[in-house]
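# Structure at a glance
Residue strings, one per chain:
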Amino acid sequence: MSFQERRAIASLISTILVSAFYSAYMVQRYPEASAYSVEVFHFWGSFFLILIPVSIVAKIIIYILFSIINAIATREEEPAITDERDKLIELKAQTTSNYVFIVGFILALSSLVVDMPPSVMFIILLLSGIVSQMISDISTFYFYRRGV
Amino acid sequence: MGKPSPLVISNNIRKLRFNHNEMTQQELAEKTGVTRQTIVAIENAKYSPSLELAFRIALAFNVRLEEVFFLEDKNSPDF
């Protein structure tokens, strides 16, 4: 398994861990108020705003840990350059990920059209963000393994 | 107009490396400015390089492009 494939797996694991732990922590703080109250919108606003820096910091830490463990276990150096194949794979994975997020975004808006509470819309939006990131990691792994 | 027949791009990189003092994949990667993994992928026909990289590989071996890469037609009788 190449360095890039292992890195894609590490990214997938970090996405799952960060999403699971952060959501488990934040769900305890869900306000006990009406589904359409200001507190609920405040909760979801802060949920997404805090998630951005938390996921960035967590991913950096997990990536550093992965690099250290990988260097010790395989004695293989991290590629110093990003070449045309890496860029093509990144582009293809990102495109697939974007399609998944667009579907989730449309579903999230559809939930409002069928008169579901705003929280359902935010949950679908959150899930589509997590799933699209996972699809990006899985696609990256797939393209490195099967060819592009 | 029908769909064009599928084409497979093959290469002689492994043979050329052997003929050039058993050049390693890492050495070829450094000469052409890509990662070793990309050279592995090209050798195994899992990645078709850009025209620029194809020329860089040919230059690294000091041969013409068609001596490195060649086209195989799956529908041709001698495929």
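Since the structure is predicted, the reported quantities are computational estimates derived from the model, not experimental observations.

## Thoughts on the overall build of chain B
- If you tally the helices and strands in chain B, you get five helices and two strands.
- Ordered by position in the sequence, the α and β elements of chain B form the string β-α-α-α-α-α-β.
- Burial statistics for chain B: of 79 residues in total, 37% are counted as buried.
- When contacts within chain B are restricted to residue pairs at least 6 apart in sequence, those whose partners lie at least 24 apart make up 60%.
- Of the roughly 5,200 Å² of accessible surface on chain B, 52% is carried by carbon and sulfur atoms.

## Overview of the environment of A:Thr15
Residues and elements named next belong to chain A.
- Here Thr15 is to be found in helix α1 (residues 3-27).
- Take Thr15: its relative accessible area is 5%, and that puts it in the buried class.
- Sequence separation of Thr15 and Phe122 is 107 residues, and the distance between their C-alpha atoms is 18 Å.
- Excluding its chain neighbours within four sequence positions, the residues that come into contact with Thr15 are Lys59, Ile130, Gln133, Met134 and Asp137.
- In this structure the side chain of Thr15 is engaged in a polar contact, spanning 2.8 Å, whose partner is the backbone oxygen of Ser11.
- Only 3.3 Å separates the side chain of Thr15 from the side chain of Asp137, close enough to count as a polar contact.

## Here's the deal with the interface of chain B and chain A
- Between chain B and chain A, the contact holds 12 residues from the first and 15 residues from the second.
- Roughly 990 Å² is buried in total at the junction of chain B and chain A, and carbon and sulfur atoms are behind 48% of that figure.
- Together, B:Gln37, B:Lys46 and B:Tyr47 form the three largest contributors to the area buried by chain B at its contact with chain A, with a combined 56%.
- Scanning the region where chain B abuts chain A turns up zero salt bridges.
- Taken together, chain B and chain A are joined by six residue pairs in polar contact (both at pLDDT 80 or more).
- The element that contributes the greatest number of residues to the side of chain B that touches chain A is helix α3 (residues 36-43) of chain B, accounting for three residues.
- Of the residues contributing to the side of chain B that touches chain A, the split by class is five nonpolar, six polar and one charged.

## Some points on the side chain of A:Gln4
- Looking at the secondary structure, you find A:Gln4 in helix α1.
- Once you skip the residues sitting within four places of it in the chain, A:Gln4 turns out to touch A:Pro79, A:Asp86, A:Tyr144, B:Thr35 and B:Gln37.

## Overview of the confidence of the model for chain A
- Confidence in the prediction of chain A, expressed as mean pLDDT, is 92, and 100% of residues score 70 or more.
- Here helix α2 (residues 38-74) of chain A stands out as the element of chain A with the lowest mean pLDDT, 91, in contrast to helix α3 (residues 84-113) of chain A, whose mean of 96 is the highest.

Rules and cut-offs
Residues numbered from 1 in each chain as written. Chains lettered and ligands numbered in written order. Predicted model: local features only at pLDDT ≥ 70, side-chain atom pairs only at ≥ 80, totals over all residues. Heavy atoms only, no water. Helix = DSSP H or I, 4+ residues; strand = E, 2+ residues; numbered from the N terminus. Buried < 20%, exposed > 50% of the residue type's maximum accessible area, 1.4 Å probe, protein only. Contact = heavy atoms within 4.5 Å. Areas by Shrake-Rupley, 256 points an atom, 1.4 Å probe, with all protein chains shown as cover. Polar contact = N/O pair within 3.5 Å; in protein donor to acceptor, adjacent residues only side chain to side chain. Buried area = accessible area lost by both parts, 1.4 Å probe. Salt bridge = Lys/Arg side-chain N within 4 Å of Asp/Glu carboxyl O. Nonpolar A, V, L, I, M, F, W, Y, C, P; charged D, E, K, R; others polar. pLDDT = per-residue confidence, 0-100.

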